[in-house]
2 protein chains.
Amino acid sequence: MNVEIITIGDELLLGQVVDTNSAWMGAELAKEGFRVRGITSIGDEAADIKEAIGRLLGKADIILVTGGLGPTKDDITLQTLCEFFETKMVFSERIYKDIEAFLAGRPGAMNELNRMQAMVPKKATVISNSVGTAPITWFERDGKILVSMPGVPVEMKTVMSNEIIPRLKKYFKVPSIQHRHIIVGGYSESALAIKLEEWESNLPDFIKLAYLPQIGLMRLRLTASMNDQHELSRVLDAQVEKVKPILGDAILALDDITPEVVVGNLLLQRKMTMATAESCTGGNIAHLITSVSGSSEYYKGSVVAYANDIKHNILGVSESDLNTYGAVSQQVVEQMARGVQSRFNTDVAVATSGVAGPTGGTPEKPVGMVWIAVAVRDKVVSECFQFGKLRDRNITRATIEALVLLKKEIEK
Amino acid sequence: MNVEIITIGDELLLGQVVDTNSAWMGAELAKEGFRVRGITSIGDEAADIKEAIGRLLGKADIILVTGGLGPTKDDITLQTLCEFFETKMVFSERIYKDIEAFLAGRPGAMNELNRMQAMVPKKATVISNSVGTAPITWFERDGKILVSMPGVPVEMKTVMSNEIIPRLKKYFKVPSIQHRHIIVGGYSESALAIKLEEWESNLPDFIKLAYLPQIGLMRLRLTASMNDQHELSRVLDAQVEKVKPILGDAILALDDITPEVVVGNLLLQRKMTMATAESCTGGNIAHLITSVSGSSEYYKGSVVAYANDIKHNILGVSESDLNTYGAVSQQVVEQMARGVQSRFNTDVAVATSGVAGPTGGTPEKPVGMVWIAVAVRDKVVSECFQFGKLRDRNITRATIEALVLLKKEIEK
């Protein structure tokens, strides 16, 4: 089933907004066996919208349209769809009630502009929007589907997951697909491909393997479809079992979750608490850990020790070691981990110290060199990494490696 | 001048990569008076690439193509362009030398695949890539331009800024454009539009005003072109002078810079040092501040005090105040700011404490309530904000508001 995505809005062309919706939709659709063939971004102009829809209906089975549904007059998507499908706007009592319920209790609730959002194309099936006021409309023509939905990411994602994808699977009788995810740390894409060469070449043809790289991580996804779901489950699980001994403790998770969630789950299971002492990562580990709702159950906090006197005064790092070995050293990073663990009274701690760049490098300690230490109860281990030249990327990589190292040590 | 952007790569359609390039290009081109009319993302398929180029050359003056230039065999953009423009690939001695120089000193440097990248279309002007090995090619046909460049953001940005935009301006004799930026905190888009109504309606027609919203901030941009650059400069500056008294200290900067850079510059100028004590922002303020290269000049560090005992033990917040008023309170947030300021021995400090959500809200302290305190030397001020329901957004808004409040207090 071929899908074309159309995103509408002048703000996309002016670069005021990055279109993150299309990538999300592409990834979710691929998981269900739909294939996005193209993404087209255009402005709020009726002629451009009609041209794109007309052309793409000729080659795709499904067109997903986002944006241009706001209550103001520059939002013309619905009116344009009416013209394209030769229908008219009618008032929907049901949608009016939905909007009223959604806005209940908000200051200046139901105004004329919101009331107008209950006007919907007569020929379309209107799907309720549970998290906003813009209507979602579903058009059918000659066995093809066009869906118009809001461009606000949270609204688009909610309706795609709960309504659109299930309806598309039913309409096109798409066979059920299953996936298995393997999240792997410490490998580049090419190194991982070499490591997995034999396993990969022995995969049955109907199982597809995708490498999904992220900074500091590789996500592997096995995908297959079969009528017998139990058998499919068995076959996929068997492949995962085969890959486990090959990758060993480089496997971070057998689920599509982030390292901060992996670490959080592990700490929750073992009823352990955590603290961080960050120099070069500058609070990014704390930020990732606390981006997870419920992290206050296991995370007590961090000392971002950017200045050396903070490493000494707050974390208790030896002044003479700071002078002898420098801040970016095994001695200092291990004392940072130990220091925050004892001062914050936690079971585990992570510390980072490195040269994020672009300045501050020396021949012995070049830009991208990062020491990471992990303390679990009374054991402390540390590792030195050499990343690249880009500051942002170095901060992200050090953050991910710190979480990967912590996960390994907790499980030991 | 109308521009169409084509981004090529299966990874875009599968959602493995978010296309951030197009928004960046759209924003940079808009600043120079070029108008992006559409963005088309397609896979690595010759037929799709030729169809898109053929169709878009019919309606645009300029086509900018990114991606599909890697050394592996699924990268087919250049070969496809050769077929489209009816030319052939030839070996370029100059590009070969460029690639050799770029790879010099790298392990496993010049291999067969890199050597192949010196093969370029005969009809095209080849522009050197100073930060990578993929060639940049410039085609002309009937007064229209097509440029092919790498999809790697750092390579695309470098060549767009240094080569492509200057060449396009020259080729199309685009008049010079000037901009003025005004970064404003504390206003929604509609509230700001009301505040600026009179000033905006009195702007000369040839000056365009754009509202560029970001979470917690509004960027205003004035744009105009004129033959006399001195006069243009004078006219735009006069408009900025007029808006200053209307917005007062809501103006965060008169330059297109981020709040963390604004605060950093201010601290550098005044030779002041800074620390943060973060509860609900969980290290995100530290992360933003330290994402700026050179921040170690003024930033000493942070205590992320997620647990109450850290607020008490490390920051010295009164236990009885924690019990009486709760962690999310004026008393506690002010003591956090004071505590980190004195323990880290800095001139200024910022503290946050709030309910990021989605859980943890109560009727008195609902999700989205955040207290922010700023200490500058011996003065401390605090403010209570009520944000929304989304955790990520609340963390970002609290972070921005904290930096805005700090900037105001430093300047007082």
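These numbers were taken from a predicted model, which means no experiment stands behind them. Numbers given for residues are sequential positions, taken from 1 along each chain in its written order. As a convention, the first chain written is A and the first ligand written is 1, with the rest following in written order. In keeping with the predicted nature of the model, local features appear solely for residues at pLDDT of at least 70, side-chain atom pairs appear and are counted solely at 80 or more, and the whole-chain, interface and lining totals rest on all residues. Processing note: side-chain calculations cover all non-hydrogen atoms of the structure and skip hydrogens and water entirely.

1. So, the overall build of chain A
For step 1, the next point in the chain: We count a stretch as a helix when DSSP gives it H or I for four or more residues in a row; a strand needs E for two or more, and each element gets its number in order from the N terminus. Scanning chain A from terminus to terminus reveals 16 helices and 17 strands.
For step 2, the next point in the chain: Projected onto its principal axes, the C-alpha coordinates of chain A cover approximately 80 × 55 × 40 Å.
For step 3, the next point in the chain: For chain A, the proportion of its 412 residues judged to be buried stands at 54%.
For step 4, the next point in the chain: Taking the intrachain contacts of chain A between residues at least 6 apart in sequence as the baseline, contacts between residues at least 24 apart amount to 66%.
For step 5, the next point in the chain: Positive charges come from Lys and Arg, negative ones from Asp and Glu, while His and the chain ends are left out of the count. Lysine's charge is taken at NZ, arginine's at CZ, aspartate's at CG and glutamate's at CD. For chain A, the distance from the average position of its 45 positive side-chain charges to the average position of its 50 negative side-chain charges is 3 Å. Partly exposed residues are those whose accessible area sits between 20% and 50% of the maximum for their type, while under 20% is buried and over 50% is exposed, using a 1.4 Å probe and protein chains only. Contact criterion: two residues are considered in contact whenever any of their non-hydrogen atoms come within 4.5 Å of each other.

2. Comments concerning the relation of the copies chain A and chain B
For step 1, the next point in the chain: For this overlay, a least-squares fit was computed on C-alpha atoms, restricted to residues scoring pLDDT of at least 70 in both copies. Relative to chain B, chain A is turned by 180° and slid 0.2 Å along the rotation axis, the superposed coordinates differing by an RMSD of 0.2 Å. Classification of the inter-copy transformation places it as that of a two-fold axis.
For step 2, the next point in the chain: The overlap is high: 98% of the interface residues of chain A also sit at the interface in chain B, so the same surface is used on both sides.

3. Focus: the packing of helix α11 (residues 259-269) of chain B against helix α16 (residues 391-411) of chain B
Residue and element names in this part refer to chain B.
For step 1, the next point in the chain: Under this scheme, a helix contributes an axis fitted over its contacting stretch, all axes are lines through C-alpha atoms, and angles between N-to-C directions fall in the 0 to 180 degree range. The geometry of α11 relative to α16 is characterised by a closest axis approach of 9 Å and an angle of 25° between their N-to-C directions. Considering their axes alone, α11 and α16 lie roughly parallel with respect to each other. Between α11 and α16 lies a crossing whose hand is left-handed. Facing α11, whose interface residues are Pro-259, Glu-260, Val-262, Val-263, Leu-266 and Leu-267, α16 presents Ile-400, Leu-403, Leu-406, Lys-407, Ile-410 and Glu-411. With respect to orientation, any angle under 35 degrees is reported as roughly parallel, any angle over 145 as roughly antiparallel, any angle of 65 to 115 as roughly perpendicular, and every other angle as oblique. The crossing is said to be left-handed when, going from far helix to near helix, the turn is anticlockwise and less than a right angle, and right-handed when the turn is clockwise.

4. So, the nonpolar core
For step 1, the next point in the chain: We call a set of buried residues a nonpolar core when its members are Ala, Val, Leu, Ile, Met, Phe, Trp, Tyr or Cys and they connect through side-chain atoms within 4.5 Å of each other. Of all hydrophobic cores here, the largest spans 52 residues; its most connected members are Val-303 of chain A together with Val-303 of chain B.
For step 2, the next point in the chain: Ranked by residues supplied to this core, first place goes to helix α15 (residues 330-344) of chain B with six residues.
For step 3, the next point in the chain: When residues no more than four places from it in sequence are discounted, the contact partners of Val-303 of chain B are Ser-302 and Phe-344 of chain A together with Thr-276, Ala-277, Glu-278, Ile-310, Ile-314, Leu-315, Val-340 and Phe-344 of chain B.

5. Here we look at the sheet that holds strand β6 (residues 125-127) of chain B
For step 1, the next point in the chain: DSSP-based pairing: two strands are paired if at least 2 bridges between them are found. Strand order in the open sheet formed by 12 strands is β6(A)-β7(A)-β8(A)-β3(A)-β1(A)-β2(A)-β2(B)-β1(B)-β3(B)-β8(B)-β7(B)-β6(B), and the pairing between neighbours is mixed. One side of each edge strand has no neighbouring strand; the edge strands of this open sheet are β6 (125-127) of chain A together with β6 of chain B. Strand-to-strand twist in this sheet, taken as the mean axis angle between neighbours without regard to direction, amounts to 15°.
For step 2, the next point in the chain: Relative to strand β7 (residues 136-141) of chain A, β6 of chain A is paired through three bridges, and the arrangement is antiparallel. Looking at the pairing, Thr-125 of chain A lines up with Trp-138 of chain A of β7 of chain A.
For step 3, the next point in the chain: Running at roughly 160° to strand β1 (residues 2-8) of chain A, helix α2 (residues 21-31) of chain A makes contact with β1, β2 (35-42), β3 (62-66) and β8 (144-149) of chain A of the sheet.

6. Topic: the side chain of Lys-311 of chain A
All names here are of chain A.
For step 1, the next point in the chain: With respect to the element layout, Lys-311 can be found in helix α13 (residues 308-313).
For step 2, the next point in the chain: Buried charge without a salt bridge: Lys-311, with Asp-309 as the nearest opposite-charge side chain at an N-O distance of 8.2 Å.
For step 3, the next point in the chain: Excluding anything up to four places from it in sequence, Lys-311 contacts Ser-279, Ala-305, Tyr-306, Gly-316, Val-317, Leu-322, Ala-327, Val-332, Met-336 and Ser-353. By definition here, a salt bridge exists when the distance from a side-chain nitrogen of Lys or Arg to a carboxyl oxygen of Asp or Glu is within 4 Å.

7. Description of the sheet that holds strand β10 (residues 208-214) of chain B
All names here are of chain B.
For step 1, the next point in the chain: Ordered by their spatial adjacency, four strands build an open sheet running β10-β11-β9-β12, and the pairing between neighbours is antiparallel. In this open sheet, the two strands that pair with only one neighbour each are β10 and β12 (251-253). Averaged over all neighbouring strand pairs, the angle between strand axes comes to 30°, with direction disregarded.
For step 2, the next point in the chain: Across nine bridges, the pairing between strand β9 (residues 177-185) and strand β11 (residues 217-225) is antiparallel. Within the sheet, the bridge partner assigned to His-179 lies in β11 and is Thr-223.
For step 3, the next point in the chain: Sheet strands in contact with helix α10 (residues 229-247) are β9, β11 and β12, and its direction is about 10° off that of β9.

8. With respect to the side chain of Thr-133 of chain A
Residues and elements named next belong to chain A.
For step 1, the next point in the chain: With respect to the secondary-structure elements, Thr-133 resides in the loop between β6 and β7.
For step 2, the next point in the chain: Within polar-contact distance, the side chain of Thr-133 engages the side chain of Gln-117 at 2.6 Å.
For step 3, the next point in the chain: Beyond its immediate chain neighbours, meaning those up to four positions away, Thr-133 contacts Ile-99, Phe-102, Leu-103, Asn-114, Gln-117 and Glu-155. We define a polar contact as two N or O atoms separated by no more than 3.5 Å, with the added condition that, inside protein, one atom must be a possible hydrogen donor and the other a possible acceptor, whereas residues neighbouring each other in sequence contribute only through side-chain atom pairs.

9. Section: unusual backbone geometry
All names here are of chain A.
For step 1, the next point in the chain: Here the bond from Gly-357 into Pro-358 is cis, since omega is 0°, no more than 30 degrees from zero.
For step 2, the next point in the chain: Relative to the helices and strands, Pro-358 is located in the loop between β15 (348-354) and β16 (369-376).
For step 3, the next point in the chain: The phi dihedral of Arg-377 falls on the positive side, at around 50°, and the residue is not glycine.
For step 4, the next point in the chain: Turning to its location among the elements, Arg-377 is positioned in the loop between β16 and β17 (379-386).

10. So, the domain arrangement of chain A
Residue and element names in this part refer to chain A.
For step 1, the next point in the chain: In this document the domain limits rely on a domain assignment from an automatic tool or a database. When the domains of chain A are assigned, the result is domain 1 (2-171), domain 2 (177-253) and domain 3 (259-411).
For step 2, the next point in the chain: The gap between the C-alpha centroids of domain 2 and domain 3 is 30 Å.
For step 3, the next point in the chain: Domain 2 puts seven residues into the contact, and the matching count from domain 3 is 10 residues.
For step 4, the next point in the chain: For the pair domain 2 and domain 3, the summed buried surface comes to about 820 Å²; carbon and sulfur atoms form 71% of the total.
For step 5, the next point in the chain: On the domain 2 side of the interface with domain 3, the three residues burying the most area are Ile-215, Asp-249 and Leu-252, jointly 64% of the side's total.
For step 6, the next point in the chain: Counting across the domain 2 and domain 3 interface gives zero salt bridges.
For step 7, the next point in the chain: Counting across the interface, domain 2 meets domain 3 through one residue pair in polar contact (both at pLDDT 80 or more).
For step 8, the next point in the chain: Among the elements that take part in the side of domain 2 that touches domain 3, strand β12 (residues 251-253) stands out by supplying three residues, more than any other.
For step 9, the next point in the chain: Ten residues, namely Ala, Val, Leu, Ile, Met, Phe, Trp, Tyr, Cys and Pro, are considered nonpolar, four, namely Asp, Glu, Lys and Arg, are considered charged, and the remaining ones, Gly among them, are considered polar. For the side of domain 2 that touches domain 3, the class distribution of residues is five nonpolar, one polar and one charged. Defined in terms of a 1.4 Å probe, buried area is the accessible area two parts forfeit on being brought together, summed over both.

11. Section: the layout of surface pockets
Gaps left between atoms show up when a probe the size of a water molecule is rolled over them.
For step 1, the next point in the chain: When its volume is computed, the second largest pocket comes out at roughly 510 Å³.
For step 2, the next point in the chain: Grid points spaced at 1 Å and placed over the protein atoms alone form the basis of the search, with a cavity being a set where a 1.4 Å probe fits but cannot get out and a pocket an open set showing protein on both sides within 12 Å along at least five of seven lines. Lining residues have an atom within 4 Å of a point. Looking at the second largest pocket, it is lined by 23 residues, and the ones nearest its centre are Ser-296 of chain A together with Val-328, Gly-354, Val-355 and Ala-356 of chain B.
For step 3, the next point in the chain: Of all the elements in the fold, those that place two or more residues in the lining of the second largest pocket are α13 (308-313) and β15 (348-354) of chain B.
For step 4, the next point in the chain: The residue makeup of the lining of the second largest pocket, split by class, is seven nonpolar, 13 polar and three charged. Grid points are joined across faces, edges and corners, and a volume is the space filled by probe spheres set on the points.

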